[in-house]
Amino acid sequence: MACCRLLVQRVLRAVSAGRRLHSEKCTEGRIQDGPKTTKVPKIYTKTGDKGFSSTYTGERRPKDDLLFKALGDTDELSSAIGLAREFSLEANHVFVSELEKIQCMLQDVGSNIATPLSSARESHKVRTSFSAEPVRELEEWIDKYSSQLPPLTNFILPSGGKTSAALHVARAVCRRAERKVFKIIQTGEADENVGKYLNRLSDCLFTLARYAAQAEGRKETVYTRTP
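An unreviewed UniProt entry annotates the protein chain as Corrinoid adenosyltransferase MMAB of Xenopus laevis. The UniProt entry for the protein chain carries the following text under Subunit (unreviewed entry): "Homotrimer." If you open the UniProt record of the protein chain and go to Catalytic activity (unreviewed entry), you find "cob(I)alamin-[corrinoid adenosyltransferase] + ATP = apo-[corrinoid adenosyltransferase] + adenosylcob(III)alamin + triphosphate".

In structure tokens form, the structure reads like this:
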């Protein structure tokens, strides 16, 4: 989630600005570095133990708030794409770098969602704004891979090998995330480009699923009406 991402960023900045960490110097959650002792940052904060969590702007909201549901779906989407990316690596697909970039962009999507515009300061808005450029990039990828595929004449079921099927799962999760995010956009709390990005992303994942099946020589299952 975006909140975790911001925490990780702070931790990484602290580590990079500090000293080199050596495992043999670590004892009981502390790092021994010469005459000084540095406390190791913990991954858990306990701040959500009562069912509330914080937005990037500092608001405390229930964990079942629509904002956190949208962030959860976005996180799940990135995880699903990560699995599809691993299958893509095994199959030596050419679009692995695209999937990696999409995962990075989803972190930015989460940052925008976690920054409600109604409570955001200008510095928040500048840091978490989401432009139209990533949307255009997805469209370019869709056109690029679609041009190498035969026209779609039938409905197809999620199939076509592990990579293709995993990309279809990611596509379905993407649609769910999009539905949640658009509710937030409609209240004026998130950037419209975030919704556009998720809308294009589902189309991109569908296109990549078909491309993966073709590249692996796997047959896609065509929908047939049951009697």
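Participant: Which residues make up the environment of Ala132, and what are the values?
Facilitator: Inspection of the secondary structure assignment puts Ala132 in the loop between helix H4 (122–128) and helix H5 (133–146). Separated by 61 residues in the primary sequence, Ala132 and Asn193 have C-alpha atoms spaced 5.7 Å apart.

Participant: Describe a nonpolar patch on the surface, with residues and values.
Facilitator: Judged by side-chain polarity, Phe155, Leu157 and Tyr223 come together as a nonpolar surface patch covering roughly 350 Å² of accessible area. Summarising the element assignment, Phe155 is placed in the loop between H5 and strand E6 (156–157). Classification of Phe155 as exposed rests on a relative accessible area of 67%.

Participant: Describe the nonpolar core, and please don't skip the residues or the numbers.
Facilitator: Judged by nonpolar contacts, the single largest core of 43 residues is most densely connected at Leu77, Tyr197 and Leu201. Excluding anything up to four places from it in sequence, Leu201 contacts Leu77, Ile81, Ile102, Leu106, Leu138 and Cys174.

Participant: Tell me about the confidence of the model for the protein chain, and name the residues and values.
Facilitator: Confidence in the prediction of the protein chain, expressed as mean pLDDT, is 86, and 84% of residues score 70 or more. Segment residues 6–32 is flagged for pLDDT under 50; beyond a separation of four residues in sequence, or across chains, it makes 26 contacts in the model.

Cut-off values and rules
- Residues numbered from 1 in each chain as written.
- Predicted model: local features only at pLDDT ≥ 70, side-chain atom pairs only at ≥ 80, totals over all residues.
- Heavy atoms only, no water.
- UniProt positions renumbered as here; feature names shortened; annotations may be inferred.
- Helix = DSSP H or I, 4+ residues; strand = E, 2+ residues; numbered from the N terminus.
- Patch = residues over 30% accessible without salt bridge, like charges linked within 9 Å, V, L, I, M, F, W, Y side chains within 5 Å.
- Areas by Shrake-Rupley, 256 points an atom, 1.4 Å probe, with all protein chains shown as cover.
- Salt bridge = Lys/Arg side-chain N within 4 Å of Asp/Glu carboxyl O.
- Buried < 20%, exposed > 50% of the residue type's maximum accessible area, 1.4 Å probe, protein only.
- Core = buried A, V, L, I, M, F, W, Y, C linked by side-chain atoms within 4.5 Å.
- Contact = heavy atoms within 4.5 Å.
- pLDDT = per-residue confidence, 0-100.

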